[in-house]
Amino acid sequence: MGTSLLHLGAIVGGVVGAVALAGWVARLVFGSARLPAPLRRRREPVAPACRPLEQVAADLRRLGAQLARVPAGAPMARRRGLQAAYDDVLVEAAGLLEVPHAMDAVPPGRPRDVERLRLQTALADAGLAVPD
C-alpha cells in the first residue's frame, strides 16, 4: 500500500510538472517569459570604447577644411552645423588625449570661440596637429 501511494504521488507530480513546464515553454515561445540570465544569449553588441585617434584627427582636418571653405553667402545653418560638428570632434580628441576643456559649459558666441582656440592650442601642445 505504501509503494502504491508513492507511485501515485510520483505520477501526479510528473503530470503537474509537465503541465507547468508546457505553460512556461508556451509563454517563452510567445514572448511573455524569459530564460534565466545564465541561459540567455547576449543580444546587445558591445560598443567599442572610442574611435582611434587617427580617425578623430582626420575628422578634425576634414571639418576644419570644410569650415575654411564655407562661402560668404552660405546659409548660417550650414556654418553653425559644421562648427558644432567640429566642436564635437574637438571634445572627442580632448577626451582621448586627456586634455581638460570646458566646451560643454561655455555658451555659444565669443566665449565659446575663445575656449575653442584654447582647446586647439592645448591639443597642439599634446601632439595633435589641429588645423587653425
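Cut-offs used in this document
Residues numbered from 1 in each chain as written. Predicted model: local features only at pLDDT ≥ 70, side-chain atom pairs only at ≥ 80, totals over all residues. Heavy atoms only, no water. Axes fitted to C-alpha atoms, helices over the stretch in contact; angles between N-to-C directions. Helix = DSSP H or I, 4+ residues; strand = E, 2+ residues; numbered from the N terminus. Parallel < 35°, antiparallel > 145°, perpendicular 65-115°, else oblique. Left-handed = near helix turned anticlockwise from the far one by under 90°. Contact = heavy atoms within 4.5 Å. Nonpolar A, V, L, I, M, F, W, Y, C, P; charged D, E, K, R; others polar. Salt bridge = Lys/Arg side-chain N within 4 Å of Asp/Glu carboxyl O. Buried < 20%, exposed > 50% of the residue type's maximum accessible area, 1.4 Å probe, protein only.

(A) Molecular detail of the packing of helix 3 (residues 76-97) against helix 4 (residues 110-125). Packing of helix 3 against helix 4 brings their axes to within 11 Å, and their N-to-C directions diverge by 40°. By the angle between their directions, the pair helix 3 and helix 4 is classed as oblique. Two packed elements cross with a definite hand, and for helix 3 against helix 4 that hand is left-handed. On helix 4, the residues that touch Gln-83, Tyr-86, Asp-87, Leu-90, Val-91, Ala-93, Ala-94 and Leu-97 of helix 3 are Arg-112, Arg-116, Leu-119, Gln-120 and Leu-123. Per-class residue counts for the contact of helix 3 with helix 4 are eight nonpolar, two polar and three charged.

(B) Region of the structure containing the pattern of salt bridges. Scanning the model with the defined rule gives seven salt bridges in all. Here Arg-112 and Asp-87 are joined by a salt bridge, their closest N and O atoms 3.1 Å apart. You can see Arg-112 sitting in helix 4 and its partner Asp-87 sitting in helix 3, a full 25 residues away along the chain. Looking at Asp-87, the relative accessible area reads 2%, which means it is buried. Measuring nitrogen to oxygen at the nearest pair gives 2.7 Å for the salt bridge that ties Asp-113 to Arg-116. With Asp-113 and Arg-116 both in helix 4 and three residues apart, the pair spans about one turn of that helix. Overall, the relative accessible area of 10% leaves Arg-116 in the buried class. Three or more residues joined by partner-sharing salt bridges are found here, namely Arg-51, Asp-59, Arg-62 and Glu-92.

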